[in-house]
Amino acid sequence: MYHIIVNPQGGKGKSLKALTTVEELFKNNNAQFTVHKTEYAGHATEIAKELSKTPDTNIVVMGGDGSFHEVLCGIDNFDNVTLGLVACGSGNDFIKKSGHSTNVKEAVQTILTGKVGFVDYMELGKYRCLNVGGGGMDVDVLLKYANCKTLKGKAAYYYSLFYTLLHTRFHHLRITADGVTKDTSVFMIGVGNGGFIGGGIPICPNAIVDDGLLNVGYVSEMKKSKIIFRLFKFLKGKHVGTDWGGEYTAKKVTIEALDDSRFELDGEIIEDTKLDIEVVHNKLKMFR
């Protein structure tokens with residue numbers, strides 16, 4: 001039995017359109033399935049929590065990184081669950097590193113073939129994170145976007161992005177990676193199991209989703225006059241190895257705000273001012 005969890009609002013209706021294709025493919029392959037449509041924020045977590053109580057449960061998540069995040073946070077018993085991903089959200093950043101297809105039919109075929117592997121995730125006490133957690137400019141954009149009242153959709157996002165760049169601030173943080181602590185000021189930082197944020201920004205370009213390691217990617221404080229030029233390099237992942245950015249690996253990472261900075265996990269802003277992150281290896285089963 002396959003339990004399909006779908007966010008009807010995912011990808012501005014893209015998920016519902018894809019659901020028709022997914023149901024047809026499952027029927028054509030004589031695969032039994034049940035569809036669970038989420039009705040509010042956090043509903044996917046509740047559904048996954050209940051489903052994970054039963055052994056040999058296949059959960060197929062349809063949506064974007066936010067939907068994947070919600071389902072991951074709901075799993076109570078990882079031994080009981082195998083996840084399948086059908087990416088039909090807006091950004092679909094996790095699959096850029098996991099290798100899952102952006103094509104709905106190919107994604108379903110991967111699930112029906114039944115080949116299973118392990119994928120890492122990040123444990124943060126009361127939270128989990130599948131892709132990337134962090135802070136800086138991307139969180140500032142999300143906060144501005146959430147408070148934008150006059151514009152909607154892409155117009156609101158681009159307005160928020162340009163506003164944030166014009167009013168750039170740097171974030172003062174204390175970072176501890178595998179026991180080594182330093183205070184720093186950054187334009188952006190991400191702790192990744194995956195490597196991309198914001199619909200394709202390669203904050204951790206060398207991340208591998210099943211290597212048992214966290215990747216820490218960052219862009220340091222710099223003269224504001226240099227931001228635009230260096231931003232184009234950053235968008236291509238060329239911050240690594242420069243004197244203003246980089247990337248390194250660790251198994252445990254703590255990020256603490258020394259100012260009023262906020263953090264995000266898989267694109268969802270949280271209230272906590274400190275992230276204690278540990279990689280979990282060989283526990284999350286996924287059709288790959």
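Treat the numbers as computed from the prediction; the structure is a model and nothing was measured.

Enquirer: Could you give an account of the pairing of strand E15 (residues 274–287), naming the residues involved and the relevant values?
Expert: As defined by bridge partners, strand E4 (residues 81–87) adjoins E15 across two bridges and the pair is classed as parallel. Bridge pairing links leucine 83 to methionine 286 in E15. Pairing geometry for strand E5 (residues 116–124) and E15, over seven bridges, is antiparallel. Each residue of the ladder has a partner; that of tyrosine 121, found in E15, is valine 280. As judged from the five bridges shared by strand E12 (residues 252–257) and E15, these two strands associate in the antiparallel manner. Its bridge partner lying in E15, lysine 252 is registered against glutamate 278.

Enquirer: An account of the nonpolar core is needed here, citing residue identities and associated values.
Expert: By size, the foremost hydrophobic cluster in this structure holds 25 residues, and its most contacted members are Ile59, Val71, Leu83, Leu130 and Leu284. Contributing elements (two or more residues each) for this core: helix H2 (43–51), strand E3 (57–63), helix H3 (65–74), E4, E5 and E15. Aside from chain neighbours lying at most four places away, what touches leucine 83 is Ile59, Val61, Val71, Ile75, Leu284, Lys285, Met286 and Phe287. With 21 residues, the next largest nonpolar core counts Val186, Ala250, Ile270 and Ile277 among its residues.

Enquirer: Could you give an account of the environment of lysine 223, naming the residues involved and the relevant values?
Expert: Along the chain, lysine 223 turns up in the loop between strand E10 (214–220) and helix H8 (227–234). Judged by relative accessible area, which is 61%, lysine 223 ranks as exposed. Along the sequence, lysine 223 and isoleucine 270 sit 47 residues apart, while their C-alpha atoms lie 29 Å from each other.

Enquirer: Could you give an account of the side chain of serine 98, with specific residues and numbers?
Expert: By the secondary structure assignment, serine 98 is in helix H4 (residues 95–98). Side chain to side chain, serine 98 and histidine 100 meet in a polar contact 2.7 Å long. If sequence neighbours within four positions are ignored, serine 98 has contacts with Val209 and Arg288.

Enquirer: Describe a nonpolar patch on the surface, and please don't skip the residues or the numbers.
Expert: A grouping of Leu151, Tyr159 and Tyr163 is seen on the molecular surface, where their side chains present a nonpolar patch of about 240 Å² in accessible area. Turning to its location among the elements, tyrosine 163 is positioned in helix H7 (residues 153–166).

Enquirer: Can you break down the pattern of salt bridges residue by residue, with the values?
Expert: Applying the stated criterion to the full structure yields ten salt bridges. Of the charged contacts, one joins aspartate 272 and lysine 126 as a salt bridge, the two residues approaching to 3.6 Å between their closest N and O atoms. Of this pair, aspartate 272 sits in the loop between strand E14 (268–270) and E15 while lysine 126 sits in the loop between E5 and strand E6 (127–129), and the two are 146 residues apart along the sequence. The salt bridge partner of aspartate 260 is arginine 169, with a shortest N-O separation of 2.8 Å. Placement of aspartate 260 in the loop between E12 and strand E13 (263–265) and of arginine 169 in the loop between H7 and strand E8 (171–177) is noted, with a sequence separation of 91 residues between them. By relative accessible area, aspartate 260 is classed as exposed at 55%. Within this structure, Arg169, Asp259 and Asp260 form a network of salt bridges that share partners.

What counts as what
Residues numbered from 1 in each chain as written. Predicted model: local features only at pLDDT ≥ 70, side-chain atom pairs only at ≥ 80, totals over all residues. Heavy atoms only, no water. Pairing = 2+ DSSP bridges. Helix = DSSP H or I, 4+ residues; strand = E, 2+ residues; numbered from the N terminus. Core = buried A, V, L, I, M, F, W, Y, C linked by side-chain atoms within 4.5 Å. Buried < 20%, exposed > 50% of the residue type's maximum accessible area, 1.4 Å probe, protein only. Contact = heavy atoms within 4.5 Å. Polar contact = N/O pair within 3.5 Å; in protein donor to acceptor, adjacent residues only side chain to side chain. Patch = residues over 30% accessible without salt bridge, like charges linked within 9 Å, V, L, I, M, F, W, Y side chains within 5 Å. Areas by Shrake-Rupley, 256 points an atom, 1.4 Å probe, with all protein chains shown as cover. Salt bridge = Lys/Arg side-chain N within 4 Å of Asp/Glu carboxyl O.

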